[in-house]
Amino acid sequence: MRARLRPLAGPLIIGVSGWCAAGAMTVADAAGASARLAVPAPWWLFVGLTAGAALVAPWRRAPRTALPALAATLPWWPVPLPAVALIFTGPLAWLPVLLALGVATGDAIAGGLRRLLPATAGSPSRAVTVAVILTLLAGGLSLGLTGSRLRGDEPHYLMITQSLLADGDLRIENNHDNREYADFYRDGRLVPDFTVRGQSGEIYSIHAPGTPVLVLPAYAAFGWRGAQLFLLLLSAGTGGFVWWIGWRATGDASAAWFAWAAVALSATFLLHASAIFPDAPAAFIVAATIVVSLAIGRGAPVRTRTLVAAGAGLAALPWLHSRLVVLACGLGALLTWQILRGPGTPGARRRQVAVLLAAPLVSAMLWFAFFDLIYGVPDPRAPYGGDDEARLGWIAQGILGLLFDQQFGMMAHAPVLAVALVGFVRPVAAPVRRTMWGAAAAVLGYLAVVTLFRMWWAGLPSAPARFLVAVAPLLALPSAIAWHTADRAGRALLRLLLAVSVGVAALLIASRGALAWNVRDAQALWLEWLSPVTNLPRIFPSFFWAGDAAFVGHVAVAGSVCAGLWLLARRAGAGRDWSPGDWRLATATWLLASLFVLGPAGWAMTRSSPLDPARSQLAVAADLGEGRDTVTIRPFRVSRARAEAPGLVIHPEQLGTYREQVQVLVFPRVPPGLYRLQVGDVGEGTNSGPGAPGERDARNETVTLTVGTSPAPLRTFEPGALGGAGRDVDLAGGAEPLVLGALSDQVNMIGWPVTLTPMALGSGTPATRTARLGDVDVFVRDEAVFLEPAGFWVPGTSTASVAFSTPPDGTPLRLTVQNGAAANTVTIASGDWRWTADLEPDASRPVEIPVPSPVGARVTFSCTSGFRPSDVGSSADTRNLGVWVTIQSTDK
């Protein structure tokens, strides 16, 4: 019997774990994990997952390969649990299941890759072509990240291109005045990015002209998308060079492919593959230079045209960005040193050096003359006005930040590159070692200059580690060496970290960049999204959380924990003939164990609450309002939850402490319902934190409650009105988000003891705008209706949903519906109630709508036709309008 049931064990583990991962989970109160509310997934999902898992042979033959998935079931155990046990909730709950899948199918995946790329093993040139194509396809995913807009400094680089194209000069003020950025910038007015005017009084962009000149032909032919595509093609070429670097370093095709994947599929590389910044072109030049360096280092004959091309690339770097002059000098020195110590006569070597350095020397003279001509001084700092704050003390912490900061660190987003750095200390041929360490010295000088200015590497906003894109190709060398020299255990670890790195990049790209661009608020957006119950961002180091020293300590502790647990795993396998599958299981267990240990350590180091459940609590509240089956899980007891009394106590979402001028508390996505808002005792020390000096006493302030982007608060409360039993707030349309603030901008509300408790819940998508019309609050979402101070327009030939709060004294909701300038059939529905009328132009009708729910009414308006005011009068209004709706006073 036992033998017969054994094949079912693995699939059942996967079925149960996947079913748990697919459900929703939260805690009743952020104070602890004992009481949890859960929305189970449908039963058929368990059946389907179990049946699908039965098709995976390793899960049938060896149930232990499914064991990592059990971590996803921990939050569902009806026993006392520590907060760290709830890490695997939300999207992160699928990580244990995916780890189990990797353990079971690793051999099949490796075999598939070997069959997919068999011809490239013996043909480096063919492999480079494949690497270029794959990089182009992967990087092409980033083309859609911007949608119809550019981010950060991208539009400012294109404005230089536009000025060159339209006027043939670099003076951009007239181009901004003429709004010549309208095609690629749609966020309002684009202000010229400059600090000081040129000596002629004209405005020149603070940004270097190299990238704008480079993309000019593509921009002229195909617009801003053409500029992006051109840069993507350069990035694809960089991917080919990266593969070649790995191959030349090791002679091992598998090592070259690993190096390519580690670098070219990292989040930092992919997110900037088509971005209109100088970094992608710089990476292409640096990668090509390293290829030339490897060729010179091994004594191979180097053609004159190769040296000319290498010199031209180095000459171009300062024109892309002033910071890149350090790389140009460092890599130029490396090539010069290699040529002078290489084969050939001294005269021949000197001639080769002259060929190499001719273009850089001419470029350097022109570069300094460029600043002298425009600003009257041959100083590359002149565009910045010479006022940029720089501190030597920032360098060490800044380099760590560029590598490990959770928002802006390259290796925080691609951990495989962190472990690959062991390649620097692995045995390797002397020519390769000289190139690797020589280039590393140039990179360290570059990093020192970059991190002198803290703003350079942590923009507002910025994708991770943009200033490391240029030097990313160097990491192909130690990555290839690390793979080539790794044993079976090491390769299992590298595979796992590569999978995690590619997964993070895929997540950021799949979010269309929404999770990739961060501000300096000490909380990575993707970490916030992954685990909506626990305080996941506080587990990982952040440069902007509690100061430089705390960040360095956090990096050290996190690195020590991961390294120590891995040494324990290796020790467990020492002397045993573990198969690749055994090591995959060991590495999966190591990753789960690392998260469980890092959690309490990170929360202790940052003095943070382990739980930050607001988003998950509000999501479960929405499920309750929709009538989904929901259960309450307590130690040794499971019961059904009720929408009327869900037992949730919701605290505002925790915010980073580095935010400047933070004054509000946020409930991110509040479903429709009736809520009780309470504020506990606000002590004198509540307003500690950024900007605290000079703040007014919060205890004497009027509190405001605002929905989404509404111009006016939904409610205002006098001091003390929210204490004690609190106040009931009717959010008939919900709120995305609900913001608690103060009338005074001198009050920082971070730390206020605020809670939001659902009293009754409704259904529907949360509103983003509200207005007070008569005695009723109206809730709408985005442009579903055109909300105005006296009423709202329902768009013509469309259907719109509007929520209304409960009228006072339980009276019906009384509306006046006035048709526009076109005959119309109007239908209004709310629950089982329905009203339809054929209206002539400008006709109006009173309508009474029953409101049986304590959380107001959600009403649907439908119009069969509409009109544009611009077509029937002198108005410039081109909106398609249907009917105008106002609220009648309750005394009618």
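Structure: see above.
Since the structure is predicted, the reported quantities are computational estimates derived from the model, not experimental observations.

A. Fine view of the pairing of strand β18 (residues 824-830). Burial within β18 is extensive, with six of its seven residues counted as buried. Bridge count between β18 and strand β19 (residues 833-839): seven bridges; the pairing is antiparallel. For Thr827, the partnering residue across the bridge sits in β19 and is Thr836. Relative to strand β21 (residues 857-863), β18 runs antiparallel, the two sharing four bridges. Bridge pairing links Ile828 to Phe861 in β21.

B. View of the environment of Trp517. Mapped onto the elements of the fold, Trp517 is located in the loop between α22 (488-510) and α23 (525-530). C-alpha separation for the pair Trp517 and Leu595, spaced 78 residues apart in sequence, amounts to 24 Å. The contacts of Trp517, once residues within four sequence positions are left out, are Arg151, Gly152, Phe277, Pro461, Ser462, Ala463 and Leu525.

C. Just the environment of Ala465, in detail. Positionally, Ala465 belongs in the loop between α20 (454-457) and α21 (476-485). The buried category is assigned to Ala465, whose relative accessible area is 0%. Taking the C-alpha atoms as reference, Ala465 lies 9.3 Å from His413; in sequence the two are 52 residues apart. Excluding anything up to four places from it in sequence, Ala465 contacts Thr268, His272, Leu402, Phe408, Gly409 and Met410.

D. Up close: the sheet that holds strand β12 (residues 769-773). Here we have six strands laid out as an open sheet, ordered β12-β13-β16-β21-β18-β19, and antiparallel in their pairing. Edge positions in the sheet fall to β12 and β19, since each of these pairs with one other strand and no more. For this sheet, the mean inter-axis angle between neighbouring strands, taken without regard to orientation, is 25°.

E. Just empty space enclosed by the protein, in detail. Counted under the stated rule, the structure contains six cavities of 30 Å³ or more. Approximately 220 Å³ is the volume found for the largest cavity. Taken together, 21 residues form the lining of the largest cavity, with Ser205, His207, Ala208, Pro209 and Phe370 sitting closest to its centre. Listing elements by their share of the lining of the largest cavity, those giving two or more residues are α6 (154-167), α13 (304-320) and α15 (346-375). Sorting elements by how many residues they give to the lining of the largest cavity places α15 first, with five residues. The residue inventory of the lining of the largest cavity, partitioned by class, reads 17 nonpolar, four polar and no charged.

F. Layout of the packing of α21 against α22. Where α21 meets α22, the axes come as close as 8 Å, and the angle between the chain directions of the two elements is 140°. Judged by the inter-axis angle, α21 sits oblique to α22. Across from Ala482, Trp483 and His484 in α21, the residues of α22 making contact are Arg491, Leu494 and Arg495. Residues of the contact of α21 with α22, tallied by class, amount to three nonpolar, one polar and two charged.

G. Inspection of the layout of surface pockets at higher detail. Considering only enclosed or pocket space, the second largest pocket measures out at about 690 Å³ in volume. For the second largest pocket, the lining is made up of 34 residues, of which Pro532, Arg615, Ser616, Ala619 and Arg669 are closest to its centre. The element best represented in the lining of the second largest pocket is helix α26 (residues 614-625), accounting for seven residues. Tallied by class, residues from the lining of the second largest pocket come to 20 nonpolar, eight polar and six charged.

H. Geometry of the packing of aromatic side chains. Counted according to the given criterion, the structure contains 26 aromatic pairs. Seen in terms of ring centroids, Phe184 and Tyr219 are 6.4 Å apart; in terms of plane orientation they differ by 70°. Their pairing is edge-to-face. Here the residue Phe184 occupies a position in the loop between α7 (173-177) and α8 (210-214), and Tyr219 occupies one in helix α9 (residues 216-250), the gap between them amounting to 35 residues. Owing to a relative accessible area of 0%, Phe184 belongs among the buried residues under this scheme. The exposure class of Tyr219 is buried, given its relative accessible area of 9%. For the pair Phe792 and Phe804, a centre-to-centre distance of 6.2 Å together with 45° between the ring planes defines the contact as tilted. In this pair, Phe792 sits in strand β15 (residues 791-795) while Phe804 sits in strand β16 (residues 799-804), placing the two residues 12 residues apart along the sequence. Of the two residues, Phe792 and Phe804, both sit in the buried class. Among the aromatic residues, those joined into a ring-pair cluster are Trp319, Trp367, Phe368, Phe370 and Phe371. In this arrangement the basic side chain of Arg466 is found over the ring face of Phe467, its NZ or CZ atom lying 4.8 Å from the centre.

I. Representation of unusual backbone geometry within the structure. Backbone torsion omega between Glu736 and Pro737 reads -5°, so that peptide bond is classified as cis. On the secondary structure map, Pro737 appears in the loop between β9 (727-731) and β10 (738-742). Its identity is not glycine, yet Arg179 carries a phi of approximately 55°, on the positive side. The exposure class assigned to Arg179 is partly exposed, which follows from its relative accessible area of 44%. Its identity as a non-glycine residue notwithstanding, Asp842 has a phi of 70°, on the positive side. Note that Asp842 resides in the loop between β19 and β20 (844-849). Asp842 gets classed as exposed once you look at its relative accessible area, which sits at 53%.

J. Highlighting the sheet that holds strand β17 (residues 813-819). The five strands lie next to each other as β14-β15-β22-β17-β20, forming an open sheet whose pairing is antiparallel. Every other strand in the sheet has two partners, leaving β14 (786-788) and β20 as the edge strands with one partner each. Ignoring strand direction, the axes of neighbouring strands in this sheet form an average angle of 25°. Note: β17 against β20, six bridges, orientation antiparallel. When the bridges of β20 are listed, Leu813 appears paired with Ile849.

Cut-offs applied
Residues numbered from 1 in each chain as written. Predicted model: local features only at pLDDT ≥ 70, side-chain atom pairs only at ≥ 80, totals over all residues. Heavy atoms only, no water. Buried < 20%, exposed > 50% of the residue type's maximum accessible area, 1.4 Å probe, protein only. Helix = DSSP H or I, 4+ residues; strand = E, 2+ residues; numbered from the N terminus. Pairing = 2+ DSSP bridges. Contact = heavy atoms within 4.5 Å. Axes fitted to C-alpha atoms, helices over the stretch in contact; angles between N-to-C directions. 1 Å grid on protein atoms, 1.4 Å probe; cavity = no way out; pocket = protein on both sides within 12 Å on 5 of 7 lines; lining within 4 Å. Points joined across faces, edges and corners; volume = space filled by probe spheres on them. Nonpolar A, V, L, I, M, F, W, Y, C, P; charged D, E, K, R; others polar. Parallel < 35°, antiparallel > 145°, perpendicular 65-115°, else oblique. Phe/Tyr/Trp six-rings, centres within 6.5 Å; stacked < 30°, edge-to-face > 60°. Lys NZ or Arg CZ within 6 Å of the ring centre and 35° of its normal.

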